[in-house]
There are 2 protein chains.
Amino acid sequence: MNAQPKIAAKAAIDPENFALANCLRALAIDAVNTANSGHPGAPMGMADAATVLFRKHLKFDASAPDWPDRDRFVLSNGHASMLLYGLLHLTGYEDMTIDQIRNFRQWGAITAGHPEWGHAKGVETTTGPLGQGLATAVGMALAERALAAEFPGLVDHRTWVMLGDVCLQEGIGQEAISLAGHLKLGKLNLLYDDNDITIDGPKSVSFSEDVPARFRACGWHVISCDGHDATALDAAMTAARAETSRPTLIAMKTTIGFGAPNRAGTAKAHGSPLGDEEGALAKAALGWDAAPFDIPADLAKSWQEIGARGAKERKAWEAALAASPDAKAFNDRVSGKLPENYAADVQKARSDLFAKPQNVATRKASQIALESLAAAVPAMIGGSADLTGSNLTRVAAVDRQYTAEMPGRYIGYGVREFGMAAAMNGLALHGGFKPYGGTFLVFFDYARNAIRLSALMGLGVTYVMTHDSIGLGEDGPTHQPIEHLASLRAIPNLNVFRPADAVETLEAWDIALRSPATPSLMALSRQNVPQLREAGPENLSEKGAYILRQYGEGRDVTLLATGTEVALAIEAAEKLHDEGYAVTVVSMPCWELFDAQPEEYCESVLGSAPRIAIEAASAFGWTRYVDREADVIGMPGFGASAPAERLYEEFGITTDAIITLAKARIGK
Amino acid sequence: MNAQPKIAAKAAIDPENFALANCLRALAIDAVNTANSGHPGAPMGMADAATVLFRKHLKFDASAPDWPDRDRFVLSNGHASMLLYGLLHLTGYEDMTIDQIRNFRQWGAITAGHPEWGHAKGVETTTGPLGQGLATAVGMALAERALAAEFPGLVDHRTWVMLGDVCLQEGIGQEAISLAGHLKLGKLNLLYDDNDITIDGPKSVSFSEDVPARFRACGWHVISCDGHDATALDAAMTAARAETSRPTLIAMKTTIGFGAPNRAGTAKAHGSPLGDEEGALAKAALGWDAAPFDIPADLAKSWQEIGARGAKERKAWEAALAASPDAKAFNDRVSGKLPENYAADVQKARSDLFAKPQNVATRKASQIALESLAAAVPAMIGGSADLTGSNLTRVAAVDRQYTAEMPGRYIGYGVREFGMAAAMNGLALHGGFKPYGGTFLVFFDYARNAIRLSALMGLGVTYVMTHDSIGLGEDGPTHQPIEHLASLRAIPNLNVFRPADAVETLEAWDIALRSPATPSLMALSRQNVPQLREAGPENLSEKGAYILRQYGEGRDVTLLATGTEVALAIEAAEKLHDEGYAVTVVSMPCWELFDAQPEEYCESVLGSAPRIAIEAASAFGWTRYVDREADVIGMPGFGASAPAERLYEEFGITTDAIITLAKARIGK
């Protein structure tokens, strides 16, 4: 392609915007070249649009990155991270120094290869896993509307998302688009970098949709424009802000690697450094003659002014907050603080269980817990991926459905598990909410990478996963989790709870709500279990595992179990005790919390007698606590379709099997 | 709603079709009521359309369920399983007896809650996990077109899919729709059960798209019709068959639970038995007075005739095959037989590696293996989710891109990992193909439930997962797999390979191609490794783990390692040996194969000396082979963004760390 004349033409449209955008391009070229790793093409292609957005539309103040009423800016195509880092540096975010830019992608720098939430201020969410930035932004927009309804006058901001084709090819992209259109999230605006290029070459290799038509089919407002024409971009963003009844897509035709004479418009601009030669040629084409990492003073000053553009509005907002009768309530909400009466409410719910034991499925126990907790904690916002009646996630306090017309505390996510999980991340990231959402445990497979991001970012979200074993019965092996507990326990920084009864279920919820930096996952049963715990004030689940029953003195054998199999272990232990054996039954609702206990505690619980584990799932991972997988009464493979009792019998998860194995191990 | 008059009107349109459809409705009512479990609403709503399809359009012969050129019928909304079982029973599939229908959802019956491939003949794929039936059908349609090009005159059939809203809400649905539209799969036809109902209530709770417009935006041919009007349905299916340049959506307006006077058109018809009373009322409304599970003789006869409708065409096809010079080649292909020279070709590739060792990344080693194997095995069909240059999945033999104009052996799936994996299942299920497809290991999270279905069905597909550890470096924690190996090893019937060098990589591919009933997954490195194996004819990877190096006599310590960490273990072993220790290095490319070996072999490999494991991943699960997770040199949590060498150093996966830990364990 002949880049030069085009560049001249673009530059003439708005020379100031062009010059400011070139700062972003130059930093991207230099940082990626220095790291010898990264993606220069997207930052160079989107620099003009990003400049218009930050110059004229984004509500932000670089000196106050945590201003609750700032617009949220999400770079969904996270590989374009240097665009974001450049923007943060130029507008004056304190921590984003030029040294951080120089150390792009190096150990210890806050300029990770993809934007990582918690590293640099101004990074609103971790992106890189494609499509999730968009879906997370939907959660942010949901949060904004709900919080605005609760705190009128204090909340009124937009969510801006930049993304490329890949976010739209990923299925989660469609889930997000469909949900946002359905709920008419009018303050959600997408800037679509339509550059016709994918890694494997021209987009036409794999993608030939009419993207605007797809958005329109989903109820979106669509604007198309030239992504390098600052005037057109400004008009498009103005129109997007004027449209409040529908989310807006701004489809921007762009050139990837804009300015690089030999690589612009090709896949080669995407994921490799331009190198010294092409980098120099690009700078020449852009009319850029500053030294590497150097920004000419006049441009630096203009960018600093952009960074301070929102200071006045921010201060006015702070004054309004200070004057508001809701100030304390608002600050408590956005800081994630639990209400003052929280502990008392939990104790009350606990006492109720001991006063009137609940022999119910743990999914039902979860609903009972939620009745109290959701009433006690206004930040809780629930939902389900179209399985409300099965997940039992809906209770009185959150009964009001979130609709296009009015926000509510219960979100019908539709059959969109991945989109739901990512939106939950967005609700938590926005601040003000403790989201939870439900589906069947087996179908959280669909949402797995969003759960991973919850854990990586350390967000206080709670996944409610019901139908947690073959105990679901007739729906058969496609619906029966086998490997899921193991596969979730393998994720770092995720508390996987499988409570044994109504008390442990309440305890798990209590822990989840008090864990702002660790996501929680509840594996809950379809089938009933007896309430096993005796009255007492202590949250024993907090230790992850504990001795629930002791039969006889000393120990001949220890039975470790979780969830619905704890009752089975107790039955077996009683029979073994009748035969003269001393048996300890350990309930292990949360491995992660148990492993964090002091070694002496762990040893006292596990004991030195032979151990047997009982869990209606894959034995994989249990060798952390037992000698070999043969010591686990579990599932040898996939399940089958039949009534639950029959399945337990056929797969040998029975008291008889426990007793036989226990005797064999004691005999050694 | 007032069901009666509507039913009368529908019945009048084509009384015969209505009566035949009522057989399906009655069986669904009876089977679900008897099981006291299941989904009557969808079968009752789709019965008219299914009847038209089987009566007039589907190419099949119930007496020859494996006829390779039959149309494929996929029930993507698998909860409607009784519709399929009813069709198979009525049309005379031998194994689908009335006793099987009576035993719907019971232990040992072939009538599982959701259709399970391999249970009943005529079930073309396992469905239930939503959206996947559709995406798998895309793979079947891809297979048909490719095989037709290879065997002109022998292959010409369509793929029909029934689905509901849920398959369209799931993101994977969009991935499938987009890919099918892009590749212009003109023989793919969808029958969309547009009944306005989801589990949580009316569809309007969560779904308000213009579905036909979305399909049109993706290049589909769209027809709308009344889903109970047999004449309109017949016309729509005729039009679908006439359209060969685009896939067709037939959007059928239907009433869920059609005929049930109190539940039709409501969510209550979806997932609960109608019960005796409503069942009886429904039958009365439909004019059905036969006893439960009884089909009036005239209708039974008509259905049997429908089942035999394709016999003549099937016999003509068989005669054509017998007369074709391609008969043997075709039969070998669809039976999955490897070519006669296969073993020799593998040996040749193996000898080449020993003659000229390859110190390359295992992803590159995989490409080297593929160069030989894809040339040797015409059934192999490759692809990537837009990471061809990173996965190195493209080689000369499969270089021809599969396009809308012409099938090829390389499929650009786009950034649609889940859709890719499900399509691979479809390619394998169709017969004639051994599909493989690539992306980054971390992003197979997106495809996880399709991998699970590969394993559950037992399909010979191969997942090529590159960038398998922190060794990928700068892209950072979102791109670095940590828990993935553990989470995949936890899936039953899946061979997870992490080869150490070029020889093991070739061996893994060889095993994968010889495993028609077990999917394989290759975890491959970005970074280079030395070729470690000494020349020899035996595929040692087939045993899953083996002694790769022995230093000194006896054993002071055993080092277990996989993939890129095997070379690290060898370095450490050499240094330990220099210090006088006897060290055994075990390479463990595939745990699943190792665990299937005789106990004596396993003991001889693992030995009784202290064991240390080295794998740049979560230690979760390694206690199968080592005493405790502290004996694993691995990753304690998520990774970070930095060059790979730095990450190995910072996370302590080094020879020094191995040596220190080894000495500590030997010292005990």
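Residues numbered from 1 in each chain as written. Chains lettered and ligands numbered in written order. Predicted model: local features only at pLDDT ≥ 70, side-chain atom pairs only at ≥ 80, totals over all residues. Heavy atoms only, no water.

**Remarks on the relation of the copies chain B and chain A**
Cut-off, in case you're wondering: Only residues with pLDDT of at least 70 in both copies contribute their C-alpha atoms to the least-squares superposition of the copies. The criterion used for residue contact is that any of the two residues' heavy atoms lie within 4.5 Å.
Turning chain B through 180° and shifting it by 0.0 Å along the axis lays it on chain A, with an RMSD of 0.0 Å. Here the transformation between the copies is reduced to the relation of a two-fold axis. Most of the interface of chain B is mirrored in chain A: 100% of its interface residues are interface residues there too.

**What about the UniProt feature "binding site: thiamine diphosphate" (unreviewed entry) in chain A?**
All names here are of chain A. Rule in force here: UniProt positions are given in the numbering used here, feature names are shortened, and annotations may be inferred rather than shown by experiment. Strands are runs of DSSP state E lasting at least 2 residues, helices are runs of H or I lasting at least 4, and numbering of each runs from the N terminus.
What UniProt calls "binding site: thiamine diphosphate" (unreviewed entry) maps, in this numbering, to H79, G128, P129, L130, N195, H270 and F443. Spatial dispersion of the annotated residues is evident: they stretch over 365 residues in sequence, and the largest pairwise C-alpha distance comes to 34.3 Å. Turning to its location among the elements, H79 is positioned in the loop between β1 (72-75) and α4 (81-91). Setting aside its immediate chain neighbours within four residues, H79 contacts H39, A42, H114 and H270. Mapping H270 onto the fold places it in the loop between β7 (248-253) and α11 (275-286). Those residues in contact with H270, other than ones at most four positions away along the chain, are G38, H39, P40, G41, H79, I199 and I256.

**A short note on the interface of chain B and chain A**
Formally: Accessible area that two parts lose when put together, with a 1.4 Å probe and added across both, is what the buried area reports. For salt bridges, the criterion is a side-chain nitrogen of Lys or Arg within 4 Å of an Asp or Glu carboxyl oxygen. In protein, a polar contact requires one atom able to donate a hydrogen and another able to accept it; more generally it is a pair of N or O atoms within 3.5 Å, and residues adjacent in sequence count only if both atoms are side-chain atoms.
With 94 residues of chain B in contact, the opposing surface of chain A contributes 94 residues. Note on chain B versus chain A: buried area summed over both sides is about 7800 Å², and carbon and sulfur give 56% of it. Between the two partners, chain B and chain A, sit eight salt bridges. Where R624(B) meets E629(A), a salt bridge forms, and the shortest distance between an N and an O atom there is 2.7 Å. For the pair chain B and chain A, the number of links is 49 residue pairs in polar contact (both at pLDDT 80 or more).

**Observations concerning the pairing of strand β13 (residues 520-523) of chain B**
The side chains of a regular strand alternate, first on one face of the sheet and then on the other. Residues and elements named next belong to chain B. This is how it is decided: Under the scheme applied here, a residue whose accessible area is under 20% of the maximum for its type counts as buried, over 50% as exposed, and between as partly exposed, the area being computed with a 1.4 Å probe on protein chains only. Pairing between strands is defined by DSSP: at least two bridges between the two strands are required. Orient the strands so they point away from the viewer; a crossover is then right-handed if the path from the first strand over the helix to the second runs clockwise.
Alternating positions in β13 separate into two faces, S520 and M522 on one and L521 and A523 on the other, with burial throughout. Direction of pairing for strand β11 (residues 462-466) relative to β13: parallel, over a ladder of four bridges. For T462, the partnering residue across the bridge sits in β13 and is S520. Taken together, the three bridges between strand β12 (residues 495-497) and β13 define a ladder with parallel strand orientation. By the bridge assignment, N495 is partnered in β13 with S520. Traced from β12 through helix α22 (residues 502-513) to β13, the parallel crossover comes out right-handed.

**What to know about the UniProt feature "domain: Transketolase-like pyrimidine-binding" (unreviewed entry) in chain A**
The UniProt record marks residues 360-531 of chain A with the feature "domain: Transketolase-like pyrimidine-binding" (unreviewed entry), using the residue numbering of this structure. When the span residues 360-531 of chain A is considered, its composition is 35% helix and 16% strand, and the gap between its end C-alpha atoms is 8 Å.

**Observations regarding the domain arrangement of chain A**
In many analyses, interface size is given as the accessible surface area lost on bringing the parts together. Quick note on the threshold: Residue ranges labeled as domains rest on an automatic or database domain assignment.
When cut into domains, chain A gives domain 1 (3-315), domain 2 (346-530) and domain 3 (543-667). Between domain 1 of chain A and domain 3 of chain A, the C-alpha centre-to-centre distance is 53 Å.

**Focus on the pattern of salt bridges**
Residues and elements named next belong to chain A. Under the definition given, this model contains 90 salt bridges over all chains. Two residues, K253 and D194, come together in a salt bridge whose shortest N-O distance is 3.1 Å. In this pair, K253 sits in strand β7 while D194 sits in strand β3 (residues 188-194), placing the two residues 59 residues apart along the sequence. Classification of K253 as partly exposed rests on a relative accessible area of 42%. When salt bridges with common partners are traced through the structure, they connect K328, D332, K337 and E340 into a single cluster.

**A closer look at helix α12 (residues 275-286) of chain B**
All names here are of chain B. Counted only if it meets this: Take the number of residues in a helix, subtract one, and multiply by 1.5 Å to get its expected span. Relevant arc is that of directions from the helix axis to the C-beta atoms, nothing else.
Between its terminal C-alpha atoms α12 stretches 16 Å, which fits the 16 Å expected from 12 residues at 1.5 Å a residue. Where α12 is concerned, the buried positions are E278, G279, A282, K283, A285 and L286. The buried side chains of α12 occupy one side of the element, clustering within an arc of 160° when seen end-on. Turned more than 90 degrees from where α12 packs its buried face, D276, E277 and A284 sit exposed. Downstream of α12 by one or two residues, G287 has phi in the positive range, about 75°.

**Details of the sheet that holds β1(A)**
Residue and element names in this part refer to chain A. As a reminder, the rule being used: The convention used is that axes are lines fitted to C-alpha atoms, helices contributing only their stretch in contact, and that angles between N-to-C directions extend from 0 to 180 degrees.
Here five strands make up an open sheet; going across it, the order is β1-β2-β3-β7-β6 and the pairing parallel. The sheet is open, and its two edges are formed by β1 and β6 (221-226), each paired on a single side. With strand direction ignored, the average angle separating the axes of adjacent strands in the sheet is 15°. Note that strand β2 (residues 159-163) and β3 share five bridges and pair parallel. The partner of L163 across the bridge, within β3, is Y192. Set on the sheet, α4 makes contact with β1 and β2; between it and β1 the angle comes to about 145°. The strands touched by helix α10 (residues 230-242) within the sheet are β2, β3, β6 and β7, with β6 carrying the most contacts at an inclination of about 170°.

**What about the packing of helix α16 (residues 362-376) of chain A against helix α21 (residues 502-513) of chain A?**
All names here are of chain A. Put simply, the test is: What sets the label is the angle itself: under 35 degrees gives roughly parallel, over 145 gives roughly antiparallel, 65 to 115 gives roughly perpendicular, and the rest give oblique. Note on convention: the crossing is left-handed when the near helix lies turned anticlockwise from the far helix by less than a right angle, right-handed when the turn is clockwise. Amino acid classes used here: Ala, Val, Leu, Ile, Met, Phe, Trp, Tyr, Cys and Pro are nonpolar; Asp, Glu, Lys and Arg are charged; the rest, including Gly, are polar.
At a minimum axis separation of 8 Å, α16 and α21 run at an interaxial angle of 50°. When the axis of α16 is compared with that of α21, the two are oblique. In terms of crossing hand, the pair formed by α16 and α21 is right-handed. Of the residues in α21, those in contact with T362, A365, S366, A369, L370 and L373 of α16 are A502, T505, L506, W509, D510 and L513. Split by residue class, the contact of α16 with α21 holds eight nonpolar, three polar and one charged.

**Observations concerning the state of the cysteines**
Spelled out, the test is: Counting rule for disulfides: a pair of cysteine sulfur atoms within 2.5 Å.
Scanning the model with the defined rule gives zero disulfides over all chains in all. Here C602(A) is not disulfide-linked; the sulfur of C590(A) is the nearest cysteine sulfur, at 12 Å.

**Overview of the sheet that holds strand β1 (residues 72-75) of chain B**
All names here are of chain B. Pairing in this open sheet of five strands is parallel, and the strands run β1-β2-β3-β7-β6 from one edge to the other. In this open sheet, the two strands that pair with only one neighbour each are β1 and β6 (221-226). Within this sheet the neighbouring strands show an average axis-to-axis angle of 15°, counted without direction. In this sheet, strand β2 (residues 159-163) lies alongside β1 in parallel orientation, the contact comprising four bridges. Its bridge partner being in β2, V74 is matched across the sheet by V161. Here helix α4 (residues 81-91) sits on the sheet in contact with β1 and β2, set at roughly 145° to β1.

**Considerations on the side chain of N17(B)**
All names here are of chain B. Of note, N17 is situated in helix α2 (residues 15-35). Looking at N17, the relative accessible area reads 1%, which means it is buried. Looking at N17, its side chain comes within polar contact range of the main-chain oxygen of D48, at 3.3 Å. Not counting residues up to four positions away in its chain, the partners in contact with N17 are D48, T51, V52, R55 and A230.

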